[in-house]
Amino acid sequence: MLATSGSTGIPKGVVLSRAAIRASVQATQARLGGIGDWALALPPYYVAGLMVLARAHLAGTRVATVRSDLGDLPQVAGTLATRRYISLVPPQLDRALRRGEIAEALASFSAVLVGGGPTTDALVGRAAAAGIKIVTTYGMSETCGGCVYDGHPLDGVEVEIADDGRVMITSASLFSGYRLRPDLTAEAVRDRGFRTQDRGMWQAGRLVVLGRMDDVVITGGHKVDFGDVERSVQAWAAQRGGHGAVVGVPDSVWTTMIIAVADVPGTLEDLQAAVRESLPAYAVPRELICLDELPWLASGKPDRVAIKSMIMSALAERRAKV
């Protein structure tokens, strides 16, 4: 049993069978082109870390643990076989690319799997320029981790887009259910297919994940896709060497006020101008809160619950000063 990341709420207990884990491992090995040693840079109590251990165990290959900041990767990489793999989340890759010796070590890996959150084209481009062989992955605890690589489902994985845009997945690697929650299980699994909480579309034969089903909100009388706004905010923050995120808070004027948070300095006016380049004016964030550091979960995802709490506190302080 694994806990979901809890990045947007209370974690759920996901039950994975041996058969599901084995199916995921075999499909991954087939897509990557063979077995190899693995470097473990993610917590093993989340699905991405667990699957690193499972792949090495079933293949009879080595696992070498490295620090989450990859600071010891240059030394550890040299102890692994020529065919070697590693799984990362986007913030780890972003930070690694800022340190030449770590980027050079990553370039020695046969494949660097990156998932657990949106991976921007800009980040993939930077990695490619450093000679790193990136494989973007999409999946979740309920699918034994990545089941779609570079937009293409793994062998034995079927992906459909429902009428409402929801991503539906059928695979032998699906979970058995949520622990002690038959109600949630029945809601999520229908006709042996998993109803994800993500929206997606097919583009040139590749799956493109647009955001979560609950990421479409009403603000100022307009429907706005949080995923689109967050990608723009992340790009703006990345140009300044940082990270960004977006949350929505209830508001008497806007219904939902879109607020951006970043770990780099900047002005709301600059951010809004950047977002307007790709999105309509009604979609721009109405507030920008700059923090010294964004809160992250051990899985490498932004801790949105903590971010929202920090934003509410910051707004309360502002209003108290008025």
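Basis of the calculations
Numbering of residues begins from 1 in every chain and follows the order in which that chain's sequence is written. In keeping with the predicted nature of the model, local features appear solely for residues at pLDDT of at least 70, side-chain atom pairs appear and are counted solely at 80 or more, and the whole-chain, interface and lining totals rest on all residues. Calculated side-chain values reflect all of the structure's heavy atoms, with hydrogen atoms and water omitted. We call Phe, Tyr and Trp rings a pair once their centres come within 6.5 Å, taking the six-membered ring for Trp, and we label the pair stacked below 30 degrees between planes, edge-to-face above 60, and tilted otherwise. Any Lys NZ or Arg CZ found within 6 Å of a ring centre and within 35 degrees of that ring's normal is scored as a charge over the ring. Here an axis means a line fitted to C-alpha atoms, over the contact stretch when the element is a helix, while the angle between two N-to-C directions is reported on a 0 to 180 degree scale. By the criteria applied, helices consist of DSSP H or I runs no shorter than four residues and strands consist of E runs no shorter than two, each listed in order from the N terminus. Working rule for angles: under 35 degrees goes down as roughly parallel, over 145 as roughly antiparallel, 65 to 115 as roughly perpendicular, anything else as oblique. The contact rule is simple, with two residues in contact once any of their heavy atoms fall within 4.5 Å. Residues are sorted three ways: Asp, Glu, Lys and Arg are charged, Ala, Val, Leu, Ile, Met, Phe, Trp, Tyr, Cys and Pro are nonpolar, and all the rest, Gly among them, are polar. For this analysis, a salt bridge means a side-chain nitrogen from Lys or Arg found within 4 Å of a carboxyl oxygen belonging to Asp or Glu. When a residue's accessible area, from a 1.4 Å probe over protein chains only, is under 20% of the maximum for its type it is buried; when over 50% it is exposed; and in between it is partly exposed. Pairing between two strands requires that DSSP report at least two bridges joining them.

Caption draft 1: Focus on the packing of aromatic side chains. Under the criterion given, the structure shown has 4 aromatic pairs. Ring geometry for Tyr45 and Tyr46: centres 5.1 Å apart, planes at 55 degrees, overall tilted. Among the aromatic residues, ring-to-ring pairing joins Phe175, Tyr178 and Phe194 into one connected group. Directly above the ring of Phe109 sits Arg84, whose terminal nitrogen or CZ lies 5.7 Å from the centroid.

Caption draft 2: Structural view of the packing of helix H1 (residues 18–32) against helix H2 (residues 47–59). Their axes nearest at 10 Å, the elements H1 and H2 cross at an angle of 80 degrees. Classed by the angle they form, the pair H1 and H2 counts as roughly perpendicular. Counting all contacts with H1, which are made through Ile21, Arg22, Ser24, Val25, Thr28 and Gln29, the residues of H2 involved are Met51, Ala54, Arg55, Leu58 and Ala59. Residues belonging to the contact of H1 with H2 are distributed by class as follows: 6 nonpolar, 3 polar and 2 charged.

Caption draft 3: Here's a closer look at the pattern of salt bridges. If you walk through the whole model with that rule in mind, you get 11 salt bridges. A salt bridge links Asp94 to Arg98, with the shortest nitrogen-to-oxygen separation between them at 2.9 Å. Relative accessible area serves as the criterion here: at 6%, Asp94 is assigned to the buried category. Overall, the relative accessible area of 43% leaves Arg98 in the partly exposed class. One salt bridge connects Arg99 with Glu101, and the closest N-O pair in it is separated by 3.3 Å. Look at Arg99 and you get partly exposed, because its relative accessible area is 35%. Classification of Glu101 by relative accessible area gives partly exposed; the value is 40%. Sharing partners across several salt bridges, the network here consists of Asp94, Arg98 and Arg126.

Caption draft 4: The arrangement of the side chain of Thr256 in detail. For Thr256, the location among the structural elements is in strand S19 (residues 255–262). Setting aside residues up to four positions removed in sequence, Thr256 forms contacts with Val217, Ile218, Thr219, Gly248 and Val249.

Caption draft 5: Here's a closer look at the pairing of strand S5 (residues 84–88). In terms of burial, S5 is largely enclosed, as 5 of its 5 residues are buried. Side-chain alternation along S5 places Arg84, Ile86 and Leu88 on one buried face and Tyr85 and Ser87 on a second face that is also buried. Pairing analysis gives 3 bridges linking strand S3 (residues 37–40) to S5, with the strands arranged parallel. Counterpart to Ala39 in the pairing with S5 is Ile86. As paired elements, S5 and strand S6 (residues 111–114) share 4 bridges and run parallel to each other. Across the sheet, the residue bridging to Ile86 is Val112, located in S6.

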